[in-house]
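Residue strings, one per chain:
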Amino acid sequence: MSIAINGISKHFGNFVALDNLQLDIASGELLALLGPSGCGKTTLLRIIAGLETPDQGQILFHGEDATDTHVRERQVGFVFQHYALFRHMTVFENVAFGLRVRPKKTRPSETEIKRKVHELLSLVQLDWLADRYPAQLSGGQRQRIALARALAVEPKVLLLDEPFGALDTKVRKELRRWLRRLHDEMHITSVFVTHDQEEALEVADRVVVMNKGKIEQIGTPEQVYDAPATPFVYQFLGDVNLFHSRVHDGWAEVGAARFAAEAGDSDKAVVYVRPHEIELSRVATEKAIAGVISHSRLLGATVRLEVDVKDAEVVEVELTRERYQEGGWQVGEAVWLNPREARVYPAA
Amino acid sequence: MAGGVNNAPRSIVTTETRPVRIVLTGIALAFIGLFLVVPLVSVFIEAFRQGWHLYLAALVEPDALSAIKLTLITAAIAVPLNLVFGLSAAWAIAKFEFRGKSMLITLIDLPFAVSPVVAGLIYVLLFGAQGWWGPWLADHDIKIIFAVPGIVLATVFVTFPFVARELIPLMEAQGSDEEQAAMVLGATGWQMFWRVTLPNIKWGLLYGVILANARAMGEFGAVSVVSGHVRGETNTIPLHVEILYNEYNFVAAFACASLLALLALVTLALKSWVEWRTERLAAEDRRHATEE
């Protein structure tokens with residue numbers, strides 16, 4: 001089912017949580033709402049679910065206005081950040097809940113409920129836990145039960161609030177691959193909220209980057225990563241080095257290096273360069289930035305060097321471990337930096 | 001893990017020396033013995049001083065029976081009222097944001113802060129013959145003060161905070177995620193309450209009800225002011241005990257008092273059973289949480 005969000009605004013006291021938001025979610029897609037905490041992404045998710053009411057604007061489900069539809073009637077599945085499993089019910093009863101509270105006319109028979117619950121538990125590969133209580137499960141298991149419970153009511157939309165936030169790194173990676181596969185099998189329109197850019201880029205069909213109640217960019221993971229629309233998106237999607245510069249004749253100059261800039265002459269500009277997009281060299285070239293290696297840190301397969309550059313903050317350079325060893329780079333050595341890629345934005 | 005309690009034996013460097021521990025424990029035990037155990041035992045000794053027959057006779061005598069009956073009626077009205085009020089107040093405070101919330105929390109505690117005698121006097125002032133609504137009530141032939149309704153009102157007042165006080169922290173700690181989950185899954189308000197909220201708070205609720213009940217049956221001050229002490233009509237057990245005692249009828253006084261003492265013991269037993277249960281459930285949660 002497609003969802004359209006038309007000019008949604010929401011305030012909490014003086015705090016603007018969402019500011020005139022516009023967003024179309026296509027039927028069957030898996031969409032990530034990505035942003036730092038306090039950017040309004042969870043509020044937006046809760047408004048879609050009907051757990052919050054917007055101050056202004058409209059929500060359309062499949063073209064029909066659902067703004068005033070009660071959460072009970074919206075037919076959404078919601079997976080809470082801390083799962084919100086019913087602590088006094090077994091896993092089976094948790095999953096069966098949505099079926100049991102249906103009005104008598106539409107409530108399935110006991111055998112039908114049993115069949116359905118076991119089907120869902122097998123789907124999340126936890127059929128053997130049916131008689132356990134939530135307190136007896138691990139975080140990853142709770143997460144999957146919460147998902148099974150949400151799917152039991154055959155929702156038209158699946159909403160997940162920080163679905164992997166409370167899990168440790170290894171479980172998180174497993175689960176997000178699993179969620180992606182599950183979505184590919186079921187094709188249910190899904191929206192999930194995350195503050196982890198890696199998660200959003202890996203799992204989602206499209207990513208909505210949010211900041212301070214506004215949408216900064218909407219696009220596929222490639223689009224937002226390769227062509228960030230704003231400095232915020234660029235910074236949020238990975239580590240960056242930034243250089244302050246001034247534009248001359250369409251070029252932003254950083255030391256001896258020059259980058260094409262769209263800004264007008266003598267405007268201030270900020271040049272962003274990702275740490276892994278910088279080449280190191282011992283030979284001065286025309287367009288290189290001079291500096292001295294001040295620190296090196298080994299991060300598993302990569303090595304991160306800090307380079308002191310004149311008139312700038314410390315510049316981070318990331319190399320694969322192989323290239324680091326081939327180069328034989330030493331702390332205290334004078335080097336030249338050649339950015340392979342850079343983006344220039346007008347300074348705010 | 002979160003919520004874990006350090007149950008490891010305390011190390012020698014962080015604990016007190018042996019004499020200090022013995023003295024502290026000794027003082028605590030001596031106080032309990034002197035002020036709690038000895039009086040409690042003496043109640044039963046005095047009650048049975050002249051044998052079973054007199055003891056039973058004191059309890060089945062008409063005035064005593066009427067006092068017992070009135071006490072039970074009062075508790076049977078006051079406790080359910082407090083249950084409903086306590087639940088609504090706790091729900092409102094824990095799950096909604098509204099103006100005057102902190103005011104409400106403070107007001108709930110008022111009966112704890114006010115002397116029960118004052119509580120009784122308030123009702124006399126409102127409903128008594130010379131009170132604000134006294135003439136109107138007299139015109140309509142409604143008796144509140146020196147009658148059962150007044151006793152119930154005073155009892156409701158003094159037991160007001162018990163259930164709410166017990167539930168507010170519990171419901172605040174649990175938050176409303178589970179309720180929201182129930183709603184998203186299509187539950188109506190009633191279904192949400194009966195299937196999700198109530199099972200989660202039932203032990204706290206029971207605990208509050210037990211305490212409220214003990215207080216309702218044992219209340220003296222507030223009830224004494226509004227009752228008028230009409231024998232066989234407006235005397236509850238505590239008032240009946242006082243009258244008997246003032247008449248130097250010690251065996252009967254202590255016999256009735258032993259009923260209240262018994263109630264206290266049953267309450268304590270129930271209370272510790274509920275505590276033990278909740279503690280065990282919490283410990284189970286913690287244990288499973290640590291196993292992750």
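Keep in mind it's a predicted model, so treat the numbers as computed, not measured.

S.K.: Describe the overall build of chain B, and please don't skip the residues or the numbers.
M.R.: Helices and strands together make up the secondary structure of chain B, namely 14 helices and zero strands. Counting helices and strands in the order they occur from the N terminus, chain B gives α-α-α-α-α-α-α-α-α-α-α-α-α-α. For chain B, the spread of C-alpha atoms along the principal axes amounts to about 65 × 55 × 30 Å. For chain B, buried positions account for 39% of its 292 residues. Long-range pairs, those at least 24 residues apart, make up 72% of the contacts in chain B with a sequence separation of at least 6. Element-wise, carbon and sulfur atoms account for 69% of the exposed surface of chain B, whose accessible area totals about 16500 Å².

S.K.: Talk me through the pattern of salt bridges; I want residue IDs and the actual numbers.
M.R.: Residue and element names in this part refer to chain A. Per the stated rule, a full pass over the model turns up 31 salt bridges over all chains. A salt bridge links Arg-176 to Glu-198; the shortest N-O distance between them is 3.1 Å. With Arg-176 in helix α5 (residues 169-186) and Glu-198 in helix α6 (residues 197-203), this residue pair connects regions lying 22 residues apart in the sequence. Given the relative accessible area of 2%, Arg-176 is considered buried. When salt bridges with common partners are traced through the structure, they connect Asp-239, Arg-297, Arg-304, Glu-306, Glu-316 and Glu-318 into a single cluster.

S.K.: How would you summarise the UniProt feature "transmembrane region" (unreviewed entry) in chain B if you had to cite specific residues and measurements?
M.R.: All names here are of chain B. Under the UniProt annotation, "transmembrane region" (unreviewed entry) lies at residues 20-45, 65-92, 104-132, 144-164, 205-230 and 250-270. Regarding residues 20-45, the helix share stands at 100% and the strand share at 0%, and the terminal C-alpha atoms are separated by 36 Å. For residues 144-164, the helix share is 76%, the strand share is 0%, and the end-to-end C-alpha distance is 26 Å.

S.K.: Requested: an account of the sheet that holds strand β20 (residues 343-346) of chain A, with residues and values cited.
M.R.: All names here are of chain A. Strand order in the open sheet formed by five strands is β13-β12-β11-β14-β20, with antiparallel pairing between adjacent strands. Each of the sheet's edge strands pairs with one partner strand only, and the pair in question is β13 (257-260) and β20. Averaged over all adjacent pairs, the angle separating strand axes in this sheet is 35°, with direction ignored. Where strand β11 (residues 241-248) and strand β14 (residues 268-273) come together, six bridges link them in antiparallel fashion. Within β14, the residue paired with Leu-242 across the bridge is Tyr-272.

S.K.: With reference to specific residues and values, describe the layout of surface pockets.
M.R.: Here the second largest pocket defines a volume of roughly 310 Å³. Residues of the lining of the second largest pocket, tallied by class, amount to six nonpolar, six polar and three charged.

S.K.: Please provide a residue-by-residue account of the packing of aromatic side chains, values included.
M.R.: All names here are of chain A. Taken as a whole and judged by the stated rule, the model has 22 aromatic pairs over all chains. Taking the centre distance of 4.7 Å and the plane angle of 50° together, the rings of Phe-78 and Phe-80 count as tilted. Exposure class is identical for Phe-78 and Phe-80. Each is buried. Ring centres 5.4 Å apart and planes at 50° place the aromatic pair Tyr-234 and Tyr-272 in the tilted group. Here the residue Tyr-234 occupies a position in helix α8 (residues 231-236), and Tyr-272 occupies one in strand β14, the gap between them amounting to 38 residues. Here Tyr-234 matches Tyr-272 in class, with each residue buried. The residue whose ring lies beneath Arg-144 is Trp-178, and the NZ or CZ to ring-centre distance is 5.9 Å.

S.K.: Please give an account of the interface of chain B and chain A that cites residues and values.
M.R.: Each partner contributes to the interface: chain B provides 22 residues, whereas chain A provides 27 residues. When chain B packs against chain A, the two sides together hide about 2200 Å² of surface, and 60% of this comes from carbon and sulfur. The tally of links from chain B across to chain A stands at one salt bridge. Its salt-bridge partner being Glu-178 of chain B, residue Arg-87 of chain A comes within 2.7 Å of it at the nearest N-O pair. For the side of chain B that touches chain A, the secondary structure elements donating two or more residues are α10 (177-184), α11 (189-218) and α14 (250-291) of chain B. Broken down by element, the residue count for the side of chain B that touches chain A peaks at seven residues, all from α10 of chain B. Of the residues belonging to the side of chain B that touches chain A, the class tally is nine nonpolar, eight polar and five charged.

S.K.: Could you give an account of the packing of helix α3 (residues 62-95) of chain B against helix α4 (residues 101-108) of chain B, naming the residues involved and the relevant values?
M.R.: Residue and element names in this part refer to chain B. At their nearest, the axes of α3 and α4 sit 10 Å apart, and the two run at 150° to each other. The angle between the axes of α3 and α4 places the two elements in the roughly antiparallel class. Between α3 and α4 the crossing geometry is left-handed. Of the residues in α4, those in contact with Phe-85, Ala-89 and Ile-93 of α3 are Lys-101, Leu-104, Ile-105 and Ile-108. Here the residues of the contact of α3 with α4 are counted per class, giving six nonpolar, no polar and one charged.

S.K.: Before we move on, can you summarise the UniProt feature "domain: ABC transporter" (unreviewed entry) in chain A with the specific residues and values?
M.R.: What UniProt calls "domain: ABC transporter" (unreviewed entry) maps, in this numbering, to residues 3-237 of chain A. End C-alpha atoms of residues 3-237 of chain A are separated by 26 Å, and the span's content is 35% helix alongside 26% strand.

S.K.: Can you lay out unusual backbone geometry for me, pointing to particular residues and giving the numbers?
M.R.: Residue and element names in this part refer to chain A. Backbone geometry places Ala-84, a non-glycine residue, at a positive phi of 50°. Mapped onto the secondary structure, Ala-84 falls in the loop between β6 (76-79) and α2 (91-100). Residue classification places Ala-84 among the buried positions, given a relative accessible area of 6%. The backbone phi angle of Glu-162 is positive, close to 40°, even though this residue is not glycine.

S.K.: Outline the UniProt feature "domain: ABC transmembrane type-1" (unreviewed entry) in chain B, supporting the account with residue identities and numerical values.
M.R.: Per the UniProt record, "domain: ABC transmembrane type-1" (unreviewed entry) is annotated on residues 68-271 of chain B. The span residues 68-271 of chain B carries 79% helix and 0% strand; its end-to-end C-alpha distance comes to 23 Å.

S.K.: Got a sec to walk through the nonpolar core? Specific residues and values, please.
M.R.: Among the nonpolar cores identified, the biggest contains 58 residues, and Ile-5, Leu-33, Leu-44, Ile-48, Phe-97 and Leu-159 of chain A are the most heavily contacted of them. When residues in this core are grouped by element, the largest group, six residues, is from α11 of chain B. With near-sequence residues (within four places) excluded, Ile-5 of chain A lies in contact with Leu-21, Gln-22, Leu-23, Ile-25, Leu-44, Ile-48, Gln-58 and Ile-59 of chain A. In this structure, Leu-121, Phe-192, Val-224 and Phe-236 of chain A belong to the second largest nonpolar core, which totals 46 residues.

Basis of the calculations
Residues numbered from 1 in each chain as written. Chains lettered and ligands numbered in written order. Predicted model: local features only at pLDDT ≥ 70, side-chain atom pairs only at ≥ 80, totals over all residues. Heavy atoms only, no water. Helix = DSSP H or I, 4+ residues; strand = E, 2+ residues; numbered from the N terminus. Buried < 20%, exposed > 50% of the residue type's maximum accessible area, 1.4 Å probe, protein only. Contact = heavy atoms within 4.5 Å. Areas by Shrake-Rupley, 256 points an atom, 1.4 Å probe, with all protein chains shown as cover. Salt bridge = Lys/Arg side-chain N within 4 Å of Asp/Glu carboxyl O. UniProt positions renumbered as here; feature names shortened; annotations may be inferred. Pairing = 2+ DSSP bridges. Axes fitted to C-alpha atoms, helices over the stretch in contact; angles between N-to-C directions. 1 Å grid on protein atoms, 1.4 Å probe; cavity = no way out; pocket = protein on both sides within 12 Å on 5 of 7 lines; lining within 4 Å. Points joined across faces, edges and corners; volume = space filled by probe spheres on them. Nonpolar A, V, L, I, M, F, W, Y, C, P; charged D, E, K, R; others polar. Phe/Tyr/Trp six-rings, centres within 6.5 Å; stacked < 30°, edge-to-face > 60°. Lys NZ or Arg CZ within 6 Å of the ring centre and 35° of its normal. Buried area = accessible area lost by both parts, 1.4 Å probe. Parallel < 35°, antiparallel > 145°, perpendicular 65-115°, else oblique. Left-handed = near helix turned anticlockwise from the far one by under 90°. Core = buried A, V, L, I, M, F, W, Y, C linked by side-chain atoms within 4.5 Å.

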